[in-house]
There are 2 protein chains.
Amino acid sequence: MGRPKCFDESKVLDSAIECFWRNGLKASSIRTLAEEMGIAGPSLYNAYGNKQTLFAKALVRYADTTLRPRFLRVRDLPPLEAIRFFLFEQIEITLNDPDGKGCLFVNTTVETANGEQELSNEAIGYLNEIKDFFASNLRAAQSNGNLSPDVSVVEMSETLFVMIVGVCVYARMRPSRSELEAALAPAFKLLTAQS
Amino acid sequence: MGRPKCFDESKVLDSAIECFWRNGLKASSIRTLAEEMGIAGPSLYNAYGNKQTLFAKALVRYADTTLRPRFLRVRDLPPLEAIRFFLFEQIEITLNDPDGKGCLFVNTTVETANGEQELSNEAIGYLNEIKDFFASNLRAAQSNGNLSPDVSVVEMSETLFVMIVGVCVYARMRPSRSELEAALAPAFKLLTAQS
DNA sequence: GCAATATTTTAACGGTCGATACAAAAAACC
DNA sequence: GGTTTTTTGTATCGACCGTTAAAATATTGC
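Trainee: Tell me about the protein's contact with DNA strand D, and name the residues and values.
Mentor: The environment of DNA strand D is formed by 23 residues, the closest being Gly2 and Arg3 of chain A together with Ile30, Tyr45 and Lys51 of chain B. If you look at DNA strand D and keep only atoms within 4 Å of the protein, 66% of those are sugar or phosphate atoms. The separation between a phosphate oxygen of DNA strand D and a polar main-chain atom of cysteine 6 of chain A is 3.1 Å. Measuring from a base oxygen of DNA strand D, one finds a side-chain N or O atom of arginine 31 of chain B at 3.0 Å. Elements that contribute at least two residues to the surface near DNA strand D include exactly α3 (41-48) of chain A together with α2 (30-37) and α3 (41-48) of chain B. Looking at the surface near DNA strand D, its residues break down into 10 nonpolar, seven polar and six charged.

Trainee: Go over the relation of the copies chain B and chain A with me, naming the residues and quoting the values.
Mentor: The transform that puts chain B on chain A rotates by 180° and translates by 0.0 Å along the axis, for an RMSD of 0.0 Å. Look at the turn and shift together and you get a two-fold axis relating the two. Scanning chain B for the C-alpha nearest the rotation axis identifies glycine 166 of chain B, at a separation of 2.0 Å. Looking at chain B, 100% of its interface residues are interface residues in chain A too, so the copies touch through the same face.

Trainee: Could you give an account of the pattern of salt bridges, naming the residues involved and the relevant values?
Mentor: For side chains of opposite charge, pairing can occur when their charged atoms come near one another. Residues and elements named next belong to chain A. Throughout the structure, instances matching the rule amount to 32 salt bridges over all chains. Between aspartate 14 and arginine 61 there is a salt bridge, with the nearest N and O atoms lying 2.6 Å from each other. Here aspartate 14 is found in helix α1 (residues 9-23), whereas its partner arginine 61 is found in helix α4 (residues 51-73), with 47 residues between them in sequence. We note a salt bridge from arginine 73 to glutamate 89, for which the minimum N-O separation is 2.1 Å. You can see arginine 73 sitting in helix α4 and its partner glutamate 89 sitting in helix α5 (residues 79-95), a full 16 residues away along the chain. Here the salt bridges share partners, and the residues they tie into one network are Glu18, Asp97 and Lys101.

Trainee: I'd like to hear about the nonpolar core, residue by residue, with values.
Mentor: Ranked by size, the top nonpolar core spans 138 residues in total, and within it Tyr48 and Phe105 of chain A together with Tyr48 and Phe105 of chain B carry the most contacts. In contact with tyrosine 48 of chain B, other than residues within four places in its own chain, are Phe7, Glu9, Val12, Leu13, Met37, Ile39, Thr53, Leu54 and Lys57 of chain B.

Trainee: A description of the protein's contact with DNA strand C should follow, citing residues and the corresponding values.
Mentor: The local shell around DNA strand C holds 23 residues, among which Ile30, Tyr45 and Lys51 of chain A together with Gly2 and Arg3 of chain B are the closest. Counting only atoms of DNA strand C within 4 Å of the protein, the fraction found in sugar and phosphate groups is 63%. Contacts to DNA strand C include lysine 51 of chain A, whose side-chain N or O atom sits 2.5 Å from a phosphate oxygen. Asparagine 46 of chain B is positioned such that a nitrogen or oxygen atom in its side chain is 3.3 Å from a phosphate oxygen of DNA strand C. For the surface near DNA strand C, the elements supplying multiple residues, two or more each, are α2 (30-37) and α3 of chain A together with α3 of chain B. It is α3 of chain B that contributes the most residues to the surface near DNA strand C, three residues altogether. Looking at side-chain class alone, the surface near DNA strand C contains 10 nonpolar, seven polar and six charged residues.

Trainee: Lay out the packing of α4 of chain A against helix α7 (residues 117-144) of chain A in plain terms, naming residues and giving numbers.
Mentor: Residues and elements named next belong to chain A. Two elements in contact, α4 and α7, have axes whose closest approach is 10 Å; the angle formed by their N-to-C orientations is 10°. Accordingly, the angle class assigned to the pair α4 and α7 is roughly parallel. Here Gln52, Phe55, Ala56, Leu59, Val60, Ala63, Leu67 and Phe71 of α4 lie close against α7, whose contacting residues are Glu118, Leu119, Glu122, Ala123, Tyr126, Glu129, Ile130 and Phe133.

Trainee: Got a sec to walk through α5 of chain A? Specific residues and values, please.
Mentor: Here α5 of chain A contains 17 residues, and its C-alpha end-to-end distance of 25 Å stays within 8% of the 24 Å for a straight helix at 1.5 Å per residue. Listing the buried residues of α5 of chain A in full gives Pro79, Leu80, Ala82, Ile83, Arg84, Phe86, Leu87, Glu89, Gln90, Ile91 and Thr94 of chain A.

Trainee: Could you give an account of the interface of chain B and chain A, with specific residues and numbers?
Mentor: Contacts between chain B and chain A engage 38 residues on the former and 38 residues on the latter. Approximately 3300 Å² of surface area, both sides summed, lies buried where chain B meets chain A, with 66% of it carried by carbon and sulfur atoms. Taken together, chain B and chain A are joined by four salt bridges. As a salt-bridge pair, lysine 131 of chain B and glutamate 179 of chain A come within 3.1 Å of each other at their nearest N and O atoms. Considering each element in turn, the side of chain B that touches chain A owes the most residues, 12 residues, to helix α8 (residues 153-171) of chain B. By residue class, the composition of the side of chain B that touches chain A is 20 nonpolar, eight polar and 10 charged.

Trainee: Tell me about the packing of helix α6 (residues 104-112) of chain B against helix α7 (residues 117-144) of chain B, and name the residues and values.
Mentor: Residues and elements named next belong to chain B. Between α6 and α7, the shortest axis-to-axis distance is 8 Å and the interhelical angle comes to 145°. As for the relative orientation of α6 and α7, their crossing is left-handed in sense. Residues Phe105, Val106, Thr108, Thr109 and Thr112 of α6 form the contact with α7, whose own contacting residues are Gln117, Leu119, Ser120, Ala123, Ile124, Tyr126 and Leu127. Partitioned by chemical class, the residues of the contact of α6 with α7 number seven nonpolar, five polar and no charged.

Rules and cut-offs
- Residues numbered from 1 in each chain as written.
- Chains lettered and ligands numbered in written order.
- Predicted model: local features only at pLDDT ≥ 70, side-chain atom pairs only at ≥ 80, totals over all residues.
- Heavy atoms only, no water.
- Near = heavy atom within 4 Å.
- Polar contact = N/O pair within 3.5 Å; in protein donor to acceptor, adjacent residues only side chain to side chain.
- Helix = DSSP H or I, 4+ residues; strand = E, 2+ residues; numbered from the N terminus.
- Nonpolar A, V, L, I, M, F, W, Y, C, P; charged D, E, K, R; others polar.
- Least-squares fit on C-alpha atoms with pLDDT ≥ 70 in both.
- Contact = heavy atoms within 4.5 Å.
- Salt bridge = Lys/Arg side-chain N within 4 Å of Asp/Glu carboxyl O.
- Core = buried A, V, L, I, M, F, W, Y, C linked by side-chain atoms within 4.5 Å.
- Buried < 20%, exposed > 50% of the residue type's maximum accessible area, 1.4 Å probe, protein only.
- Axes fitted to C-alpha atoms, helices over the stretch in contact; angles between N-to-C directions.
- Parallel < 35°, antiparallel > 145°, perpendicular 65-115°, else oblique.
- Expected span 1.5 Å × (residues − 1).
- Buried area = accessible area lost by both parts, 1.4 Å probe.
- Left-handed = near helix turned anticlockwise from the far one by under 90°.

That's the geometry; what it means functionally is another story.
Given below as structure tokens:
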């Protein structure tokens, strides 16, 4: 019923993600968003509500298209190998990110922490999934016998978490491969030394 | 000559730092800045130029009042102890930061990376001073014999850097003491185990 | 006291912000 | 084919943005 939408809502949302990811929430105006999305302002409001709801939808889709595939990609690996691959992939993603976009969740957490709390909480929720990914895999590795039971899962998962978040900030500084590999090298050693 | 300024330029700049630190560059309007600084808009422009130059001056003063005192505070400690105290202090500062301001340099790097490049480069320069602080102290520890020459100073300094930057992002998530201490515990172990 | 200089105050500038009213357009239903 | 429903395009709204013009105010040098 009614006139059909003449654009793919998900594809256009991907363009919004790109804009928010690169420039942030406040630096992305409705006008530049609409232009980069290839639609007019009123179509944007008709399809996504307002700027805040558009951003919220962008966060959800970013999680679906960027974070969740990374979890799925390592789902069937041995737990420690899953963590190693996740960290390794972070380096490659960062180096193949010439715009220095980093991580939308990290950028959002930093930008909206003392303003748009609902958006901040949404982003933090996804970041906590990364921490949980580390923790559950470390626990599995201890069950497997691949990781010493003397290792504190809480400490190790928190450390890996702040390290990968730090790498996401690093991404915005256009780091070199050697800097990124050096930064994560001790993490790889921690994951093997105590096995 | 002329009418004297009726405010302390440094003290008022501290109020600007507080506002930028808490809310970021774009979310701090000239009007809210002027109000929080206790002066009128034109006085702000007369004293600090424009918004961008005000922010640049805020970055410099923030470095002078927040980062440099921390370096000086550990200047006379044994190098590894200096790093340990710096990390320990980061936890305490984060827990005594109820607004979740984190680090102005990290916030600025994330917010302005793809916009105001001059401000971003300024912030990155100060962050690199932190990395250099780690590297030079690690080298000194190796000269002292307090740190094994088998440890890669580059790897360790890069790791400590991404960890402390990660903690600064963590600060915006209102972390608990146990989370922060767990996150940095492996760093403390790395600094003693290989000594 | 008077001129010169610098800062404060008041008011407002043009521009952009997020958001919308309204009518034209394009499909489905009968 | 006319009605209904949704989306599109155009034009624009009031609010706020960063910034400044201009006049009033407060000091110094003479």
